[in-house]
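Residue-level structural notes
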Amino acid sequence: MNYSDEHVALCALNKIFGYHPTLAVSLIEKAGSALGCFSVISSEAEKSPHPELLSELTPSALEWARGELSSIDSRGFRFLTIIDEDYPQPLRECAGPPLGLYLNGCSSPTEIFGLRPMIAFVGTRDISPYGRLWCQKLVKAWPWTS
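The rules we used
- Residues numbered from 1 in each chain as written.
- Predicted model: local features only at pLDDT ≥ 70, side-chain atom pairs only at ≥ 80, totals over all residues.
- Heavy atoms only, no water.
- Helix = DSSP H or I, 4+ residues; strand = E, 2+ residues; numbered from the N terminus.
- Buried < 20%, exposed > 50% of the residue type's maximum accessible area, 1.4 Å probe, protein only.
- Contact = heavy atoms within 4.5 Å.
- Areas by Shrake-Rupley, 256 points an atom, 1.4 Å probe, with all protein chains shown as cover.
- Arc of directions from axis to C-beta.
- Core = buried A, V, L, I, M, F, W, Y, C linked by side-chain atoms within 4.5 Å.
- Salt bridge = Lys/Arg side-chain N within 4 Å of Asp/Glu carboxyl O.
- Phe/Tyr/Trp six-rings, centres within 6.5 Å; stacked < 30°, edge-to-face > 60°.
- Lys NZ or Arg CZ within 6 Å of the ring centre and 35° of its normal.
- Lys, Arg positive; Asp, Glu negative; His and termini not counted.

Observations concerning the overall build of the protein chain
Helices and strands together make up the secondary structure of the protein chain, namely 8 helices and 2 strands. Each helix and strand of the protein chain, ordered N terminal to C terminal, gives the series α-α-α-α-α-β-α-β-α-α. In the protein chain, buried positions account for 29% of the 146 residues. Considering only contacts in the protein chain between residues 6 or more positions apart, those separated by 24 or more positions represent 60%. Element-wise, carbon and sulfur atoms account for 57% of the exposed surface of the protein chain, whose accessible area totals about 9,700 Å².

Here is the structure:
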């Protein structure tokens, strides 16, 4: 897949601001685009609650993102960004939506994130026994499960 410069910038921002998506969205709004974030002036960094993140907005971050997108593409994955038409609407409406999602599979995003009822649990890859227990309880209690 041929990713646009804006997709490359979103991939880089997704990595840099992964735990601070609201900060990334705010920065994109101020800059006018994801790519525009990489031209942030130092005065913005001084006002930011996380100036160390703004210091990562470098050309090397964009180069990393180009390599990342090439790598996932070569493995049959896809990077779906918040500007893509098939990005899940319920996720887009969250206060701090992720700038991008990594997808792997033969189903289209529309099939995966279609209009059927759904629930999502976001957390760590290394789930605790307590977290696993509560996740199982919540899924079992959900209305469409039997």
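Thoughts on helix H2 (residues 21-31)
Pro 21, Leu 23, Ala 24, Leu 27 and Ile 28 are the residues of H2 that are buried. Seen from one end, H2 has its buried residues packed into an arc of 155°, which puts them on one side. Every exposed residue of H2 that faces more than 90 degrees away from the buried side is listed here: Glu 29 and Lys 30. In this structure, the buried residues of H2 make contact with helix H1 (5-16) and helix H4 (51-54). Positioned one or two residues after H2, Gly 32 has a phi angle of 90°, which is positive.

What about the nonpolar core?
Core analysis: the largest hydrophobic core is formed by 31 residues, its most contacted members being Leu 13, Phe 17, Ile 28, Phe 38, Leu 57, Leu 69 and Leu 99. Element by element, the count of residues in this core is highest for H1, at 7 residues. Look past the residues within four positions of Leu 99 in its chain and what remains in contact with it is Leu 10, Leu 13, Asn 14, Ala 24, Val 25, Ile 28, Leu 80, Thr 81 and Ile 82.

Re the pattern of salt bridges
Note on pairing: side chains with opposite charge can pair once their charged atoms come close. Inspection of every chain in the model, using the stated rule, returns 2 salt bridges. Where Arg 78 meets Asp 86, a salt bridge forms, and the shortest distance between an N and an O atom there is 3.2 Å.

Comments concerning the packing of aromatic side chains
Scanning all chains against the criterion turns up 1 aromatic pair. Its guanidinium or amino end placed over the ring of Trp 64, Lys 15 lies 4.5 Å from that ring's centre, counting from NZ or CZ. Of note, Lys 137 hangs over the ring of Trp 134, and the distance from its end group to the ring centre comes to 4.8 Å.

A short note on the side chain of Glu 68
For Glu 68, the position within the fold is in helix H5 (residues 59-74). The side chain of Glu 68 is buried and forms no salt bridge, while Arg 75, the nearest opposite charge, is found at 5.3 Å. Beyond its immediate sequence surroundings of up to four residues, Glu 68 is in contact with Cys 11 and Tyr 102.

A closer look at the side chain of Asn 14
With respect to the element layout, Asn 14 can be found in helix H1. Under the relative-accessibility criterion, Asn 14 is labelled buried at 16%.

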